[in-house]
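Summary of the model geometry
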Amino acid sequence: MSTIADNIAQVAARIRAAEQAAQRAEHSVRLLAVSKTKPSDAVREAYAAGVHDFGENYLQEALGKQLELADLPLSWHFIGPIQSNKTRAIAENFAWVHSVDRLKIAQRLSEQRPAELPPLNICIQVNVSGEASKSGCTPADLPALVSAISALPRLKLRGLMAIPEPTEDRAAQDAAFATVRDLSKSVQASLNLPLDTLSMGMSHDLESAIAMGATWVRIGTALFGARAPGHQ
Ligand SMILES: *Cc1c(COP(=O)(O)O)cnc(C)c1O
């Protein structure tokens, strides 16, 4: 029977193999366990097997789990679409936000980040699949957004996040992730601003993402099993 601990070992082996194939340093890629729709007990099991970082898409669900798991030193990442009326709770209860795609949301997160917490780590979500995806800023809007967000006092801009259109075609996966990597390089060069994070790669395409430079892979299904239909 496959347990969460077994799944974590398998995913860790996939990550290590992909790091080696790309001649990247061991542990240069970090595992973000995407626990959306899964119960607190599943998070507890993953923590016992050595995972500390958990990604959630739905605020109310995430806050409930954070309460139930308050005894554990977990790092929570918000990875879902963000409505303006949710920014305060996100600013107060997460260490990272991967899904910022407009300035208004970033400004609110910065204003609402409590003074006693360290700056909120931010990734800007960029849409590299054109009309196939509604979330994420356009590549054309990225430089201005990077420039404005990097100036906000209570945020720490770390890098870019992307969710390319799913495909089984490895060449198409590589091309999409390479686009994200190249956008990051060009925006860093033109603004003279270092970014250390590429949040890209999910259960089905982590090898390609790691080959193209991912530093966080966001893995749900391969760790916790399939989600119920309608809760993707
Ligand atoms: C659900 C989700 C994931 C995890 O996807 P899997 O295919 O289950 O690994 C990663 N990133 C985001 C933004 C998600 O919404």
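Keep in mind that what you see is a predicted model, and the values were worked out from it rather than measured.

**Describing the side chain of Gln173**
One can find Gln173 in helix α7 (residues 170-191). Ignoring sequence-local partners within four residues, the contact set of Gln173 consists of Thr167, Glu168, His204, Asp205 and Ser208.

**A look at the pattern of salt bridges**
A side chain of one charge can pair with a side chain of the opposite charge if their charged atoms are brought near each other. Taken as a whole, this structure holds 11 salt bridges when the rule is applied. A salt bridge links Lys65 to Glu56, with the shortest nitrogen-to-oxygen separation between them at 2.8 Å. You'll find Lys65 and Glu56 in the same group, each marked buried. Via salt bridges that share partners, Arg16, Glu19 and Glu26 belong to a single interconnected network.

**Concerning the pairing of strand β2 (residues 53-56)**
The two faces of the sheet receive side chains in turn, since in a regular strand these alternate between them. Across the two faces of β2 the burial is the same, with Asp53 and Gly55 and Phe54 and Glu56 all buried. Considered for its hand, the β-α-β crossover made up of strand β1 (residues 30-34), helix α2 (residues 40-48) and β2 is right-handed. Relative to strand β3 (residues 75-78), β2 is paired through 4 bridges, and the arrangement is parallel. Note that in β3 the partner of Gly55 across the bridge is His77. In this fold, the crossover linking β2 to β3 by way of helix α3 (residues 59-68) has right-handed handedness.

Reading guide: rules and limits
- Residues numbered from 1 in each chain as written.
- Predicted model: local features only at pLDDT ≥ 70, side-chain atom pairs only at ≥ 80, totals over all residues.
- Heavy atoms only, no water.
- Helix = DSSP H or I, 4+ residues; strand = E, 2+ residues; numbered from the N terminus.
- Contact = heavy atoms within 4.5 Å.
- Salt bridge = Lys/Arg side-chain N within 4 Å of Asp/Glu carboxyl O.
- Buried < 20%, exposed > 50% of the residue type's maximum accessible area, 1.4 Å probe, protein only.
- Right-handed = clockwise from strand over helix to strand, strands pointing away.
- Pairing = 2+ DSSP bridges.

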